[in-house]
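These are the residues of each chain, in order.
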Amino acid sequence: MDIGSALIIGGGIGGLTAGIALRQRGIPVEIIERDPDWTVYGVGIIQQMNVIRAMKELGVLDDYLARSYGFDSTTIYVGPGGVQDAHFNTPKLAGPDYPSNAGIRRTDLQKVLAGGAERAGAKVRLGLTVTDMQDDGTGVDVTFSDGSTGRYDVVIGADGVFSATRQAILPDAPKPHYTGQWVWRYNLPRPAHVDGIQIFAGPFNGGFVPMTEDLMYIFLLSTEPTTDFMPVAGAAAAMRDRATMVPPQFAAILDQITDDAGVVARPLETIMLDGDWHKGRIGLIGDAVHASTPHLAQGAGMAIEDGLVLADELTKAKSVDEAFAAYRARRMPRVAHVAKNSVRIGEMQMGKIPPFNVGELTGQTIGLMCQPI
Ligand SMILES: Cc1cc2nc3c(=O)[nH]c(=O)nc-3n(C[C@H](O)[C@H](O)[C@H](O)COP(=O)(O)OP(=O)(O)OC[C@H]3O[C@@H](n4cnc5c(N)ncnc54)[C@H](O)[C@@H]3O)c2cc1C
């Protein structure tokens, strides 16, 4: 099928990926982003082997690796004593010369993907959202917040967990759900021994992630009654206060958490659409359809893969409707696994469900993520 024009709503991780993938197939792409400053917070993100493979497919892997810290190993420590429980290397899906995984600053990931999208010829418009969409079966007429209009063969909502596109096309879909946990993150100088992910599991849950030669970010999870905004003033002390029953490795860096403005704390809100992911010529990708918690560190990975698979189906299928249906069928086993099991780990950490073998689940997840998409 020939797609003459595509509109992507949301210039985040999924939207930019879809933009590059569509341009690789020669499809004209416009990306609109609500935030006029295109702000991304400065802490990092864990990206596993399937993301490194995807970056290669998108043609941005060299730029990506130049800005990130590639690594192969994961080490898991358990209990208040911080005793090593597991240490393993994961497969190198981009080839033997590339690392298995990477940690990267979110600001740098955005530079890589935005640079890739712009080089590929996607048109990006900032400070813009959609005020009206009318799908007449042969195209979608869109009105933007600046009063301009356009007509597109396909519209892709990549506008995150609180997606306005989802609300517009699937008003009866489930709403985002607060899991009860927050994640607190902070950047610190990277000690030489943090050359892979280090996870601390139960009763304290947190970790260290290398991001560059010089920097790592640390994270910890806490249980909180609400999603109410946490004030910046006092954030460093608030983060240190949440670090209870910490293993000695984490205790050793606690007094370095001093800058209130450097603390990034976020509630975990999830959604998983088991039903439709599209209506007519308008469909959804990424957190707009399946926002997981970070417990399996695959939310962004799933958004990135969505972009690749949807672009593939839009060129292969006979109609947009068929393409969206085929994309959902291909994506469902992976995203449902990530979304549902991420939430389960958090529920176990909060004592809401009985303990289960997270190591076994991690092994299953890595196996699944290594499968072709
Ligand atoms: C605390 C935390 C830690 C995480 N850690 C990891 C990790 O280590 N590894 C991992 O893989 N994933 C992680 N994730 C998940 C990951 O951040 C998300 O899955 C990913 O950002 C989803 O990408 P997206 O493009 O779908 O949505 P988003 O990144 O939310 O992007 C949506 C974009 O759309 C824009 N937008 C919103 N509404 C509109 C509108 N109406 N019009 C125009 N633009 C709009 C937004 O401004 C934004 O730029 C984590 C998530 C959280 C909360």
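Residue numbers restart at each chain and count upward from 1, following the sequence in its written direction. Given that this is a predicted model, residues contribute local features only at a pLDDT of at least 70 and side-chain atom pairs are listed and counted only at 80 or more, while totals for whole chains, interfaces and linings are drawn from all residues. Hydrogens and water molecules were not included; the side-chain quantities draw on all heavy atoms of the structure.

Q: I keep staring at helix H10 (residues 320-349) and nothing clicks. Help me out?
A: Since there are 3.6 residues in each turn of an α-helix, residues three or four apart along the chain are aligned in direction. By the criteria applied, helices consist of DSSP H or I runs no shorter than four residues and strands consist of E runs no shorter than two, each listed in order from the N terminus. A helix is expected to span 1.5 Å for every residue after the first. Over its 30 residues, H10 runs 42 Å from end to end, which matches the ideal 44 Å to within 8%, given 1.5 Å per residue. To obtain the bend at a residue, axes are fitted to the seven residues ending there and to the seven starting there, and the angle between these axes is taken. For H10, the principal kink sits at Met-332 and spans about 50°; a proline, Pro-333, occurs within the next four residues.

Q: Explanation requested: the pairing of strand E2 (residues 29-33) in the structure shown.
A: Consecutive side chains of a regular strand alternate in pointing toward one face of the sheet and then the other. Here E2 lies mainly inside the structure; five of its five residues are buried. The pairing of strand E1 (residues 6-9) with E2 spans four bridges and is classified as parallel. Counterpart to Ile-9 in the pairing with E2 is Ile-32. With the strands aimed away from the viewer, a crossover counts as right-handed if its path from the first strand over the helix to the second runs clockwise. For the handedness criterion, the β-α-β arrangement of E1, helix H1 (residues 13-24) and E2 is classed as right-handed. Any two strands between which DSSP finds at least two bridges are classified as paired. Looking at chain direction, E2 and strand E8 (residues 123-126) are connected through four bridges and run parallel. From the neighbouring strand, Glu-33 faces E8, where its bridge partner is Leu-126. Relative accessible area decides the class of each residue, using a 1.4 Å probe on protein chains only: under 20% of the type maximum gives buried, over 50% gives exposed, and in between gives partly exposed.

Q: Explain the pattern of salt bridges here, please?
A: As a working rule, side chains carrying opposite charge can pair if their charged atoms are close by. By definition here, a salt bridge exists when the distance from a side-chain nitrogen of Lys or Arg to a carboxyl oxygen of Asp or Glu is within 4 Å. For the coordinates displayed, the defined rule picks out 18 salt bridges. Notably, a salt bridge pairs Glu-224 with Arg-242, separated by 2.8 Å at the nearest N-O pair. Separated by 18 residues along the polypeptide, Glu-224 in the loop between strand E16 (215-223) and helix H6 (235-242) and Arg-242 in helix H6 bring together distant segments of the chain. A relative accessible area of 10% means that Glu-224 is categorised as buried. Residue classification places Arg-242 among the partly exposed residues on the basis of a relative accessible area of 25%.

Q: Before we go on, may I ask you to explain the sheet that holds strand E11 (residues 149-152) in this structure?
A: Through backbone hydrogen bonds, the strands of a sheet pair up, either in parallel or in antiparallel fashion. Spatially, the three strands line up as an open sheet ordered E9-E10-E11, and their pairing is antiparallel. If you trace the sheet from one side to the other, it starts and ends with strand E9 (130-135) and E11, each paired once. Across the sheet, the axes of successive neighbouring strands diverge by a mean angle of 20°, strand direction being ignored. Taken together, the four bridges between strand E10 (residues 140-144) and E11 define a ladder with antiparallel strand orientation. In the sheet register, Val-142 faces E11, and the bridge partner there is Gly-150. For helices, the axis comes from a line fit to the C-alpha atoms of the stretch in contact; other axes are also lines fit to C-alpha atoms, and the angle between any two N-to-C directions lies between 0 and 180 degrees.

Q: I would appreciate a short explanation of the site of the ligand in the present structure.
A: In the vicinity of the ligand, 30 residues are found, and the nearest of them are Gly-14, Glu-33, Ile-46, Asp-287 and Ala-300. Asp-287 places a polar side-chain atom, nitrogen or oxygen, 2.8 Å from an oxygen atom of the ligand. Surface accessibility follows the Shrake-Rupley procedure with a 1.4 Å probe radius. Residue values consider only the protein chains on display as shielding. Considered on its own, the ligand offers 1,000 Å² of accessible surface; in the complex 85% of this is hidden by protein. Contributions of two or more residues to the shell around the ligand are made by H1, E2, strand E3 (44-47), strand E13 (177-189) and helix H9 (299-316). By residue number, the principal contributor to the shell around the ligand is H9, which donates four residues. Residue polarity follows a fixed list, in which Ala, Val, Leu, Ile, Met, Phe, Trp, Tyr, Cys and Pro are nonpolar, Asp, Glu, Lys and Arg are charged, and the others, Gly among them, are polar. Grouping the constituent residues of the shell around the ligand by class yields 14 nonpolar, ten polar and six charged. When residues of the shell around the ligand are assigned to domains, at least three map to each of domain 1 (6-69 + 103-176 + 269-370) and domain 2 (178-268). In this text, near means that some heavy atom of the residue lies within 4 Å of the molecule or strand in question. A 3.5 Å cut-off defines polar contacts: any pair of N or O atoms within that distance qualifies, except that in protein one atom must be a possible hydrogen donor and the other a possible acceptor, and neighbouring residues in sequence count only when both atoms are side-chain atoms. What fixes the domain bounds is an automatic or database domain assignment.

Q: Before we go on, may I ask you to explain the domain arrangement of the protein in this structure?
A: Quite often, the size of an interface is put as the accessible area lost when its parts meet. For the protein, the domain assignment lists domain 1 (6-69 + 103-176 + 269-370) and domain 2 (178-268). Here the C-alpha centre of domain 2 lies 26 Å away from the C-alpha centre of domain 1. Taken together, the two surfaces of domain 1 and domain 2 that pack against each other cover about 2,000 Å², and 63% of this comes from carbon and sulfur. The largest contributions to the domain 1 side of the interface with domain 2 come from Val-43, Tyr-69 and Glu-269, which together make up 34% of the buried area. Counting across the interface, domain 1 meets domain 2 through zero salt bridges. Inspection of the domain 1/domain 2 interface yields eight residue pairs in polar contact (both at pLDDT 80 or more). Sorting the residues of the side of domain 1 that touches domain 2 by element identifies E3, strand E7 (101-105), strand E17 (264-272) and H10 as the ones contributing at least two each. Split into classes, the residues belonging to the side of domain 1 that touches domain 2 amount to nine nonpolar, nine polar and five charged. When two parts are put together, the accessible area they lose, computed with a 1.4 Å probe and summed over both, is reported as buried area.

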